[in-house]
Amino acid sequence: MLVALRDDFPILKREVNGYPLIYLDNAATTQKPQVVLDAMNEYYTSSNSNVHRAVHTLAGEATEGYESCRSQLKEWFNAERAVITSGTTEAINLVAHAWGRANLSEGDAIVLTEMEHHSDIVPWQMLAEERGIELRYVPVLEDFTLDMEVYAASLENAKLVCVVHTSNVLGVRNPLEKITELAHSNGALVLIDAAQGVPHERIDFQESDADFMAFSAHKMCGPTGIGALLVRPEVFETMQPFMGGGDMIETVTINGSTYQTNEHKFEAGTPRIAEAIGWCAAFEWMSKLDLRKEHQRLIGIAQWVANELRSMGISVYGRHDAADSAVVSFLHPSIQSEDLAHLFDARGIAVRTGHHCAQPLLHRLGISGTVRASFYLYNTMDEAETFIEQLKYITERFG
Amino acid sequence: MTYPEELAELIEEFQDIDDKMERLEMVFDMADEVIPFPPEHWTQTTKVQGCQSEAHVKVELQDGKILMLSGADAKLVQGLMGILSIAINGSAPAQALLLSPNFAEEMGILNSLSPSRSNGFRNMFDKVMKEIRILE
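Nothing here was measured: the structure is a model prediction, and the numbers come from that model.

Visitor: How should I be thinking about the sheet that holds strand S5 (residues 109–113) of chain A in this particular structure?
Guide: Where strands meet in a sheet, backbone hydrogen bonds hold them as pairs that are either parallel or antiparallel. Residues and elements named next belong to chain A. Pairing within the open sheet is mixed, and its seven strands lie in the order S4-S10-S9-S8-S7-S5-S6. Each edge of the sheet is formed by a strand with only one pairing partner; in this case those strands are strand S4 (81–85) and strand S6 (134–138). Neighbour-to-neighbour, the strand axes of this sheet turn through a mean angle of 20 degrees, independent of strand direction. Bridge count for strand S7 (residues 158–164) against strand S8 (residues 189–193) is five bridges, and the pairing is parallel. Bridge pairing links Cys162 to Leu191 in S8. In the packing of helix H3 (residues 57–77) onto the sheet, the strands contacted are S4 and strand S10 (227–231), and the crossing angle to S4 comes to about 130 degrees.

Below is the structure:
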């Protein structure tokens, strides 16, 4: 089964520095199955055209392809409103501009966590500076979980809670159900940064009760440059247009403009048509998998790797519970992280090093970066064993 | 690009090795070639910005010749500093400024030296050259 799945990914057949590629940088971006590449190629080969306002056949096909992505998003996530964006970062910025500017003012508070990716911190810092909004950060405890007592206490006068579904550094999945319930009972809306959640878990947006959910296609076998913002319909109505231009207008006169009332209101300019079509193909491809079963397999691999690392005296950052993602962040006691990543690369193994765009979290952990190995659908236990074997070899030779 | 003799020999030596890990080991060994720049003297001015690892350089003139002091927590970066030291220490500033950073690529150590990439070596090389231009 896994062999057949791997066959869908042409890149996995390549070698790097004379060794078979072992791609363990999936938390940064995942590889794309052939069907995604084919769908995008087919669009450019046969249907390339701009979407919406044209009656010719190609425009119809392009529009159908693009809007199919929205239908797919709504179906996959059980959502009523799905704005297509360039990715998670743009989706969060869209909330800050389109909802934040219309609904937040001086004296209001936004609750964030120390676990957030920079993309879920910086837009709020910019808005806070502009509007005199208070930002409150929920600390991360020694067991790599959020301090829920501080969280509960920080909700007074808060208008919005922004929380990462699953940490891109720790792999920890946050207690979103509890977080959302507490936020709503205190009158605050909830934005979930689900960039690392959607690849591992089939999320029902309506059941999650969140108000906003942001994520990217490329973390779930789709193309780069496209993502989405899911919004609860009542909240959607309170959002004001952020970017002006083509596709988001209803009428334009020299005296002013009126805007679309659906998601197009937030999709100014020519959208990412080929990427939307590619993402659709990725959804179709993923729909054939048992994501829950795959996740169990991957977290099993991550747990094994984490235990092996610990047995080698290596510091591991994360707990790897059943619902966490298959991300293993670690620091080698005697080999500097960047050096280690170069040495892994020499054996065809791709890992990531650095602050992973989560500097406040690393500051809390008292470190400046980690080496991160992240596993996804096509990774095998054999690859994990090779990773550990190579690490032992590297440690013996360079440690 | 013509390199100083010692560097040209090193490039050739690196090119003879097929295995990337062996090449990296050779670079790591070059870390000993630096004139040490102790961490207690590291400041924001000496820091190589945009580098994943902590890396610091200081360039001085001694009798009109270049003297580069350097240190980094990554062995790869310090090894590259060692190679750069071999290439420029004892040279006149004008001669040192002729050096291209491409030698790291030619040695098969780094895949890309694009200035837009957060690349410890490229940032370090540019900082050293900037300091030499100031001293010139």
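This is not the end of the story, as more comes after the structure.
Visitor: Looking at this structure, how should I read the interface of chain A and chain B?
Guide: Quite often, the size of an interface is put as the accessible area lost when its parts meet. Taken together, the contact pairs eleven residues of chain A with nine residues of chain B. Secondary structure elements with two or more residues in the side of chain A that touches chain B: helix H12 (337–346) and strand S16 (352–354) of chain A. Across the side of chain A that touches chain B, the residue classes break down as two nonpolar, six polar and three charged.

Visitor: Quick question: what am I supposed to make of the pairing of strand S11 (residues 249–253) of chain A here?
Guide: Strand residues, when the strand is regular, have side chains that alternate between the two faces of the sheet. Residue and element names in this part refer to chain A. Counting buried positions along S11 gives zero out of five residues, so the element sits mostly on the surface. Direction of pairing for S11 relative to strand S12 (residues 256–259): antiparallel, over a ladder of four bridges. Its bridge partner lying in S12, Thr251 is registered against Thr258. A loop of two residues connects S11 with S12, the two strands running antiparallel in sequence.

Visitor: Would you take a moment to explain the pairing of strand S14 (residues 327–331) of chain A for this structure?
Guide: Residues and elements named next belong to chain A. Burial within S14 is extensive, with five of its five residues counted as buried. Both faces of S14 are covered, namely the face carrying Val327, Ser329 and Leu331 and the face carrying Val328 and Phe330. Bridge analysis of strand S13 (residues 315–317) against S14 gives three bridges, and the strand direction is antiparallel. Across the sheet, the residue bridging to Ser315 is Leu331, located in S14. Sheet analysis places S14 next to strand S17 (residues 370–374), joined by four bridges and oriented antiparallel. Paired with Val328 across the bridge in S17 is Ala373.

Visitor: Please clarify how the packing of helix H2 (residues 20–30) of chain B against helix H3 (residues 75–88) of chain B should be interpreted in this entry.
Guide: Between two packed helices, both the angle of their axes relative to each other and the distance between the axes serve to describe the pair. Residues and elements named next belong to chain B. Contact geometry for H2 and H3: axes closest at 6 Å, N-to-C directions at 70 degrees. Classed by the angle they form, the pair H2 and H3 counts as roughly perpendicular. The element H2 and its partner H3 pack so that their crossing is left-handed. Seen from H2, the contacting residues are Leu24, Val27, Phe28 and Met30; seen from H3, they are Lys75, Leu76, Gly79, Leu80, Gly82 and Ile83.

Cut-offs applied
- Residues numbered from 1 in each chain as written.
- Chains lettered and ligands numbered in written order.
- Predicted model: local features only at pLDDT ≥ 70, side-chain atom pairs only at ≥ 80, totals over all residues.
- Pairing = 2+ DSSP bridges.
- Helix = DSSP H or I, 4+ residues; strand = E, 2+ residues; numbered from the N terminus.
- Axes fitted to C-alpha atoms, helices over the stretch in contact; angles between N-to-C directions.
- Contact = placed C-beta atoms within 7 Å.
- Nonpolar A, V, L, I, M, F, W, Y, C, P; charged D, E, K, R; others polar.
- Buried ≥ 20, exposed ≤ 12 C-beta atoms within 10 Å, placed from the backbone.
- Parallel < 35°, antiparallel > 145°, perpendicular 65-115°, else oblique.
- Left-handed = near helix turned anticlockwise from the far one by under 90°.

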